[in-house]
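Observations on the three-dimensional arrangement
Here are the chains, one letter per residue:
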Amino acid sequence: MNWDDETDRIVAPAADGEDTAVEAALRPKDLGEFVGQEKVRQQLDLVLKAARQRGATADHVLLSGAPGLGKTTLSMIIAAEMGAPIRITSGPAIQHAGDLAAILSSLQEGEVLFLDEIHRMSRPAEEMLYMAMEDFRVDVIVGKGPGATAIPLELPPFTLVGATTRAGLLPPPLRDRFGFTGHMEFYAPGELERVIRRSAGLLDVEIDPAGAAEIAGRSRGTPRIANRLLRRVRDYAQVRADGVITREVAATALQVYEVDGRGLDRLDRAVLEALLKLFGGGPVGLSTLAVAVGEERETVEEVAEPFLVREGLLARTPRGRVATPAAWAHLGLVPPQQGVTGSAGQQGLFGV
Ligand SMILES: Nc1ncnc2c1ncn2[C@@H]1O[C@H](COP(=O)(O)OP(=O)(O)O)[C@@H](O)[C@H]1O
Ligand SMILES: [Mg+2]
């Protein structure tokens, strides 16, 4: 089976070309427009206001949180609020310390350097970054071999905004050099409704409150997914309905795209169904589960499972993946009686 067409990616974390363009158009431009994340927003507001009052460059900021929660958006807002230009790059793009040196040495005073996926930077670049963040200095290596010399280079003060989906993977010396860390949480349904109504306004689509609530409930707490579902529902409303997004239009459209009432897509449901129907609810090893749904281990582990775990539908245990009672209920299935081993009794054959 192929999960890779447009429909199946509807709730997946990866962004496609259309996404990138539309996302840019839907990005809030200042803190006032940024919906939700009250804590991070207030804290950041203080950090930025204080820096502005002092006429100083803002402290380095680390933003952590799942994909699609607004890290890139916030980095742009930080630059906008500081009236500063922004340079955008990412950890994987900086493989050599020299790449980083080139970027750092061309920064203007007060500029915001956004380093996405900062946990994926190479080690030597990371070490160069320590000194740049702390002392606004880099050592540029000139020449090769024994004749190579390090020339210290002063940098203008700048603000590093690092983003990571895995704050736990950052080495402590790097984490410690950020003056402020904002942890982004998943959004409450009411907040997502606000995101959706705001986006609908920008896209010039008519949506009623119940329609927004319907989409919000299936958006996995994630604005990027909310915006993506909104666009698909808009397509449906335009072609099949009179263009207005009501609860019914939203529900029917999302059924067409196979996003269920709780936001599970086809892959999520396939994983749960295999776990319940083939393995009696587990425990079953990840590899076995992946084979059963015809997917790569990584896809099951990184695309489907985080959401299923968060929803309390699946648990990762040392013995393997286990379905919770809520999973049985969600798929409308009845769990086997306690003590009765159905196909689950065979899981030992597969290992974990
Ligand atoms: N708080 C928010 N309010 C409104 N829209 C948001 C918010 N956070 C994110 N978005 C929208 O979600 C999309 C993804 O946000 P982005 O900043 O790219 O997420 P991340 O960088 O964390 O993956 C953007 O199009 C943005 O418009
Ligand atoms: Mg981003």
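The notes below deal with the structure included here. (Residues numbered from 1 in each chain as written. Chains lettered and ligands numbered in written order. Predicted model: local features only at pLDDT ≥ 70, side-chain atom pairs only at ≥ 80, totals over all residues. Heavy atoms only, no water.)

What follows covers the pattern of salt bridges. The tally for this structure, following the rule as stated, stands at 21 salt bridges. Measuring nitrogen to oxygen at the nearest pair gives 3.3 Å for the salt bridge that ties Arg-87 to Glu-111. With Arg-87 in strand E2 (residues 86-90) and Glu-111 in the loop between helix H4 (97-105) and strand E3 (112-116), the pair connects residues that are 24 residues apart, well separated along the chain. Measuring nitrogen to oxygen at the nearest pair gives 3.0 Å for the salt bridge that ties Asp-235 to Arg-232. You can see Asp-235 and its partner Arg-232 sitting in helix H9 (residues 223-240), 3 residues apart, about one turn around the helix. On the accessibility criterion, Asp-235 (25% relative accessible area) is partly exposed. With relative accessibility at 7%, the residue Arg-232 sits in the buried group. Put simply, Glu-301, Glu-305, Arg-316 and Arg-321 are held in one network by salt bridges that share partners. (Salt bridge = Lys/Arg side-chain N within 4 Å of Asp/Glu carboxyl O. Helix = DSSP H or I, 4+ residues; strand = E, 2+ residues; numbered from the N terminus. Buried < 20%, exposed > 50% of the residue type's maximum accessible area, 1.4 Å probe, protein only.)

Here we take up helix H2 (residues 38-54). With 17 residues, H2 ought to run about 24 Å at 1.5 Å a step, and its terminal C-alpha atoms sit 24 Å apart, in line with that. Along its buried surface, H2 packs onto strand E1 (61-64), helix H3 (71-82) and strand E7 (180-183). Gly-55 sits one or two positions beyond H2 and adopts a positive phi of about 65 degrees. (Expected span 1.5 Å × (residues − 1). Contact = heavy atoms within 4.5 Å.)

Here the focus is the site of ligand 1. By nearness alone, 18 residues border ligand 1, and Arg-27, Val-35, Gly-68, Lys-71 and Thr-73 come closest of all. Residue Gly-68 places a main-chain N or O atom 2.7 Å away from an oxygen atom belonging to ligand 1. Between ligand 1 and Thr-73, the relevant distance is 2.5 Å, taken from an oxygen atom to a side-chain nitrogen or oxygen of the residue. Of all elements in the fold, only helix H1 (17-26), H3 and H9 reach the threshold of two or more residues within the shell around ligand 1. Classifying every residue of the shell around ligand 1 gives 9 nonpolar, 5 polar and 4 charged. (Near = heavy atom within 4 Å. Polar contact = N/O pair within 3.5 Å; in protein donor to acceptor, adjacent residues only side chain to side chain. Nonpolar A, V, L, I, M, F, W, Y, C, P; charged D, E, K, R; others polar.)

By themselves, these figures tell us nothing about what the structure is for.
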